[in-house]
Each structure stands twice: as C-alpha cells, then as structure tokens.
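Summary of structural features
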Amino acid sequence: SEKMAALGRMSAAIVHEVSQPLAAMEATLTAAEFGLSRAPEQTAARLQSARGLIRRMQRMTKHLKNFSRREVAPLSPVEVTDVARSALALAQPRADAAGVALRFAPPDSAPRVEAGHARLEQVLVNLLHNAIEAVVPGEGEVTLSIQCTAQEVTLRVGDNGPGIAPDVLPRIAEPFFST
C-alpha cells in the first residue's frame, strides 16, 4: 500500500510538472498568434519562450525515462550560474502570479561543476516553487544564492516564510511528500 501511495504521489507530481509548461505554452502561443501581425518582434520572443517550454518538457520526459530505467544521467561540466538563471526564469511566472519577489545572489565568478544540467535545474525549480508556496502572497521574498570555495559550490534557496511545522518536519524527506 505504501508503494501504491508513493506511485500516486509521483503520478500527481508528474502531471503537475507537465501540465504547468503546457498551460504556459498554450498561453504563449495564443499571445503570439494575436500579435502575429501587430508586433512581429514580440511574437518571435513568445515563440522562443514556447520552444524553451517544449525543451523543458523534453528534458523532463527524458529524465523520467532515465528514472524508470534506473540509468544514471550523464554528467558534464555545467556552469552553475546559467542553470540558476534558467531555473529562476522557469519559476518567475509562478512567483509573479503569487506576488513573490525572486532574488538572485550570483557569485563573483562563474563556477562549473560536474552535474546533469536538467536534473540540477529541476531540483532548483522544485525548491523555488516550494519556497514560493511557503511565503505570504504579496509579501514573500525568495532568494537563490550561490557561494563558492576552492572545494565546493553551495546553492541555497531561502525564503521569508513561516518555516516548517515541527509535526511535519520528520516527513519532508519522503518522496513526493507535500502539505
């Protein structure tokens, strides 16, 4: 029964992660269609945005295939600041809708790490979305910061929300757990 419950939570998370970019893409393409004759340069930007959403869903489905096959995604040198900016851009529409300010504190340098670009981006997007949901709408602030030392790079997502209730804290590491 626990496996079925986990599968249900995972399915709900997958549906959520796919439906959000699809809805954004539909709105973007509709706006592009309306602006086709009036503002071709804005239309081009909207089409580029839709392409980005499609690539995000392609990365996500590739990740799900890798997960289901239990294959390890290939690691490659990734510029952390680029991944962070991409994750912030993906989280911005949700932040705007909630009236939450997203802040970014990049490092002075552009650190590179061995990682899976899509997985790292997805982790950051999930953390940013969780932080956006955890703050008071209209008053919330979410910050993504990157600190570097000679040996490690630390990405930190912080918010000015009320924190995690003590009775929920033991469950936060469960896959797909949500409150």
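Quantities reported herein were computed from a predicted structural model and do not represent experimental measurements. (Residues numbered from 1 in each chain as written. Predicted model: local features only at pLDDT ≥ 70, side-chain atom pairs only at ≥ 80, totals over all residues. Heavy atoms only, no water.)

Attention now goes to the overall build of the protein chain. When helices and strands are tallied, the protein chain shows four helices and five strands. Reading the protein chain from its N end, one meets helices and strands in the order α-α-β-α-β-β-α-β-β. With the model as given, the accessible surface of the protein chain reaches about 11500 Å², and the carbon-plus-sulfur share is 58%. (Helix = DSSP H or I, 4+ residues; strand = E, 2+ residues; numbered from the N terminus. Areas by Shrake-Rupley, 256 points an atom, 1.4 Å probe, with all protein chains shown as cover.)

On to the side chain of threonine 43. With respect to the element layout, threonine 43 can be found in helix α2 (residues 40-69). On the basis of relative accessibility, which here comes to 3%, the residue threonine 43 falls in the buried class. Excluding its chain neighbours within four sequence positions, the residues that come into contact with threonine 43 are Ala32, Gly35 and Leu36. (Buried < 20%, exposed > 50% of the residue type's maximum accessible area, 1.4 Å probe, protein only. Contact = heavy atoms within 4.5 Å.)

A few words now on the nonpolar core. Counting 22 residues, the largest nonpolar core has Val100, Leu102, Leu124, Leu128, Ile132, Val142 and Leu144 as its most contacted members. For this core, the secondary structure elements donating two or more residues are α3 (80-98), α4 (117-134) and β4 (141-148). Tallying contributions element by element places α3 first for this core, with eight residues. Once residues lying within four places of it in the same chain are set aside, the contact partners of leucine 144 are Ala84, Leu88, Arg103, Phe104, Ala105, Leu124, Leu128, Arg156 and Val157. (Core = buried A, V, L, I, M, F, W, Y, C linked by side-chain atoms within 4.5 Å.)

Once that is clear, we can look at the sheet that holds strand β2 (residues 101-105). Read across the open sheet, the three strands follow the order β2-β4-β5; overall the sheet is mixed. Both outer strands of the open sheet, β2 and β5 (153-159), are each paired with one neighbouring strand and no more. Each strand of the sheet is rotated relative to its neighbour by a mean of 10°, with strand direction disregarded. Bridge analysis of β4 against β5 gives seven bridges, and the strand direction is antiparallel. Its bridge partner lying in β5, glutamine 147 is registered against threonine 154. Of the strands in this sheet, β2, β4 and β5 touch α3, which is tilted by about 175° from β2. With respect to the sheet, α4 is in contact with β2, β4 and β5, its orientation differing from that of β5 by roughly 20°. (Pairing = 2+ DSSP bridges. Axes fitted to C-alpha atoms, helices over the stretch in contact; angles between N-to-C directions.)

Another aspect to go through is α3. Helix length check: α3, at 19 residues, gives a terminal C-alpha distance of 26 Å against a target of 27 Å (1.5 Å per residue), a fit within 8%. What α3 keeps buried is the set Val80, Thr81, Val83, Ala84, Ala87, Leu88, Leu90, Ala91, Arg94 and Ala95. Phi turns positive, to about 70°, at glycine 99, one or two residues after α3. (Expected span 1.5 Å × (residues − 1).)

Under the counting rule described, the total for this entry stands at three salt bridges. The partner of arginine 94 in a salt bridge is glutamate 133, with the nearest N and O atoms 3.1 Å apart. Here arginine 94 is found in helix α3, whereas its partner glutamate 133 is found in helix α4, with 39 residues between them in sequence. By relative accessible area, which is 16% here, arginine 94 ends up buried. Looking at glutamate 133, the relative accessible area reads 55%, which means it is exposed. (Salt bridge = Lys/Arg side-chain N within 4 Å of Asp/Glu carboxyl O.)

Together, Ile164, Leu169 and Ile172 make up a nonpolar patch on the protein surface, roughly 280 Å² of accessible area in all. Of note, leucine 169 is situated in the segment after β5. Leucine 169 gets classed as partly exposed once you look at its relative accessible area, which sits at 44%. (Patch = residues over 30% accessible without salt bridge, like charges linked within 9 Å, V, L, I, M, F, W, Y side chains within 5 Å.)

A few words now on the packing of α3 against α4. As a packed pair, α3 and α4 sit with axes 9 Å apart at the nearest point and diverge in direction by 25°. Between α3 and α4, the interaxial angle falls into the category roughly parallel. Of the two possible hands of crossing, α3 and α4 adopt the one that is right-handed. Of α4, the residues touching α3 (which contributes Val83, Ala84, Ser86, Ala87, Leu88, Leu90, Ala91, Arg94, Ala95 and Ala98) are His117, Leu120, Glu121, Leu124, Val125, Leu128, His129, Ile132 and Glu133. Residues that form the contact of α3 with α4 fall into these classes: 13 nonpolar, three polar and three charged. (Parallel < 35°, antiparallel > 145°, perpendicular 65-115°, else oblique. Left-handed = near helix turned anticlockwise from the far one by under 90°. Nonpolar A, V, L, I, M, F, W, Y, C, P; charged D, E, K, R; others polar.)

All quantities given are derived from atomic positions and should not be read as evidence of function.
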